[in-house]
Amino acid sequence: MKSNTMILHTAALLIMPLQLMFSIFLLLRGHDEPGGGFIGGLVASGAFVLYAFAFGAEATRRILRVGPRDLLAAGLLMGLVSTLPAFFSGQPMLTAHWWEVPLPGDAYLKLSTPLIFDIGVYFAVLGTIMTFVIGLMESEE
């Protein structure tokens, strides 16, 4: 299903980067405030679905650069990896662990297992929705 309207093409090209930035914003603020991996993944998939409606399934596969099923698998793997620090320290599954990584100067980057889990959910949601949408679009073509 490839549409040839200039308005849809222009809107997709202008809105997609904004939606992707907003999805990352939602992902990163999600642990402490509303948002997180699920809603961030939904917003990101909305950006790619809009692009798919404007330019077709093949163009969307090219812009994703990674297969949707691979995104899904990576998300599930990251969710599993986020449980390992608790497992190896003898704590209950999904117990949060935090690390501070020193950066140049006096700054620190705070990393955590909830962030790893949220990124995994983000990729899993994005991969699932794009697998369905691209599969449906390719079956119609």
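Up top is the structure.
My aim in this report is to walk through the structure given alongside it, one point at a time. As a convention, each chain's residues are numbered from 1 in the sequence order in which they are written. This being a predicted model, a pLDDT of at least 70 is required before a residue's local features are given, and a value of 80 or more before pairs of side-chain atoms are given or counted; all residues contribute to the totals for chains, interfaces and linings. Here the side-chain values reflect all heavy atoms present in the structure, with hydrogen atoms and water set aside.

On to unusual backbone geometry, then. Positive phi, normally seen in glycine, also occurs at Arg65, with a value near 70 degrees. A helix here means a DSSP run of H or I that spans at least four residues, while a strand means a run of E at least two residues long, and both kinds are numbered starting from the N terminus. By secondary structure assignment, the location of Arg65 is in the loop between helix 3 (57-64) and helix 4 (68-81).

Moving on, we come to the packing of helix 2 (residues 37-55) against helix 3. Every axis corresponds to a line fitted to the C-alpha atoms, with the helix fit spanning only the stretch in contact, and the corresponding angles, defined between N-to-C directions, vary from 0 to 180 degrees. Relative orientation of the contacting elements helix 2 and helix 3 amounts to 140 degrees, with a least axis distance of 7 Å. The pairing of helix 2 with helix 3 is recorded here as oblique in orientation. For the element pair helix 2 and helix 3, the recorded crossing hand is right-handed. Between helix 2, through Phe48, Tyr51, Ala52 and Phe55, and helix 3, the contact on the second element is made entirely by Ala57, Ala59, Thr60, Ile63 and Leu64. Its residues assigned to classes, the contact of helix 2 with helix 3 shows 8 nonpolar, 1 polar and no charged. Note on terminology: angles under 35 degrees are roughly parallel, angles over 145 are roughly antiparallel, angles of 65 to 115 are roughly perpendicular, and the others are oblique. A crossing counts as left-handed when the near helix is turned anticlockwise from the far one by less than a right angle, and as right-handed when that turn is clockwise. Contact between two residues is taken to exist if any of their heavy atoms lie within 4.5 Å; hydrogens are not considered. Following the grouping adopted for this structure description, the nonpolar residues are Ala, Val, Leu, Ile, Met, Phe, Trp, Tyr, Cys and Pro, the charged ones are Asp, Glu, Lys and Arg, and the polar ones are all others, Gly among them.

With that settled, the discussion passes to a nonpolar patch on the surface. Within this analysis, patches are made of residues with over 30% relative accessible area and no salt bridge. Like charges are joined at 9 Å or less; nonpolar side chains (Val, Leu, Ile, Met, Phe, Trp, Tyr) at 5 Å or less. For the accessible areas, the method is Shrake-Rupley and the probe is 1.4 Å, while residue cover comes only from the protein chains on display. Any carboxyl oxygen of Asp or Glu that lies within 4 Å of a side-chain nitrogen of Lys or Arg is treated as forming a salt bridge with it. Together, Leu77, Leu80, Val81, Leu84, Phe87 and Phe88 line one region of the surface with nonpolar side chains, adding up to about 650 Å² of accessible area. Elements that contribute at least two residues to the nonpolar patch include exactly helix 4 and helix 5 (84-88). Looking at the element boundaries, Phe87 is found in helix 5.

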